[in-house]
Amino acid sequence: MPVTTLDPKTALVLIDLQKGITGLPTVPVPAADVVGRAARLAAAFRARDLPVVLVNVTGGAPGRTEFPSGGGTPPADWAELVPELDRQPGDLTVSKQRWGAFHGTGLDRELRAGGVTQIVLAGIATSIGVESTARAAHEHGYHVTLVTDAMADLDEAAHRNSLEKVFPRLGETGTTEAVLTLLG
């Protein structure tokens, strides 16, 4: 279902647009395009005094998996948000240790304290951080909007699966331009 409306108190939540992740080869669009669209959304939300949440990941879940982790020590600036997002003093920043931005953070508490009823999501990776955050937001009772051209993944099939199979069950989807139009 295409995005139809934005609640009066909607927050923009940008997932993992940090130096270590935006430097990876993403599909179906380059990370630079995702960052550019996310920056446009952030500027528009700030101009309307709507919350902007900038999320980075600084760790990973423990436990065994069949997919090996990157291993080693990441570069010192790996978790730094990209400067193109133009972080402002009023932005909420969330550092997470897991895939989703709600688990183990104060994100839900902060959003509820601000009266937020809807979140607009974008970022990298579609099938990991974005999808995990969308699932949790839906389970927490938020209206969820996913900006399909402001997200990318490392795996095109996983990206497509999220967009086609998962996201329609969690909320509404739309493009950057559709969200900007609704913002007015």
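Just so you know, these numbers come straight off a predicted model, no measurement behind them. (Residues numbered from 1 in each chain as written. Predicted model: local features only at pLDDT ≥ 70, side-chain atom pairs only at ≥ 80, totals over all residues. Heavy atoms only, no water.)

Chemist: I would appreciate a short explanation of the overall build of the protein chain in the present structure.
Modeler: Each helix and strand counted, the protein chain has 6 helices and 6 strands in total. The helix and strand sequence of the protein chain, counted from the amino end, reads β-α-α-β-β-α-β-α-β-α-β-α. Contacts spanning at least 24 positions in sequence make up 83% of the contacts within the protein chain whose residues lie at least 6 apart. Carbon and sulfur atoms make up 53% of the accessible area of the protein chain, which amounts to about 9,200 Å² in all. Of the side chains in the protein chain, 16 bear a positive and 21 a negative charge, and the two mean positions are spaced by 4 Å. (Helix = DSSP H or I, 4+ residues; strand = E, 2+ residues; numbered from the N terminus. Contact = heavy atoms within 4.5 Å. Areas by Shrake-Rupley, 256 points an atom, 1.4 Å probe, with all protein chains shown as cover. Lys, Arg positive; Asp, Glu negative; His and termini not counted. Charge placed at Lys NZ, Arg CZ, Asp CG, Glu CD.)

Chemist: Mind showing me how you'd approach helix H2 (residues 31–47) here?
Modeler: It helps to recall that an α-helix has 3.6 residues per turn; residues three or four apart then point in one direction. Between its terminal C-alpha atoms H2 stretches 24 Å, which fits the 24 Å expected from 17 residues at 1.5 Å a residue. Within the span of H2, buried status applies to Ala 31, Val 34, Val 35, Ala 38, Ala 39, Leu 41, Ala 42, Ala 44, Phe 45 and Arg 46. Tucked inside the fold, the buried residues of H2 contact strand E1 (10–15), helix H1 (19–22), strand E2 (52–57), strand E4 (118–124), strand E5 (143–152) and helix H6 (176–183). Looking one or two residues past H2, Asp 49 carries a phi angle of roughly 55°, positive in sign. (Expected span 1.5 Å × (residues − 1). Buried < 20%, exposed > 50% of the residue type's maximum accessible area, 1.4 Å probe, protein only.)

Chemist: Looking at this model, I keep getting lost on the pairing of E5. Mind explaining?
Modeler: As a general feature of sheets, a regular strand has side chains that alternate between the two faces. Counting buried residues in E5 gives 7 out of 10 residues, a clear majority hidden from the surface. With 6 bridges joining them, E4 and E5 adopt parallel strand pairing. Bridging across to E5, Gln 118 finds its partner in His 143. Between the parallel elements E4 and E5, the chain passes through helix H4 (residues 126–139) in a crossover that is right-handed. Note on the crossover from E5 through helix H5 (residues 156–170) to strand E6 (residues 172–174): the handedness is right-handed. (Pairing = 2+ DSSP bridges. Right-handed = clockwise from strand over helix to strand, strands pointing away.)

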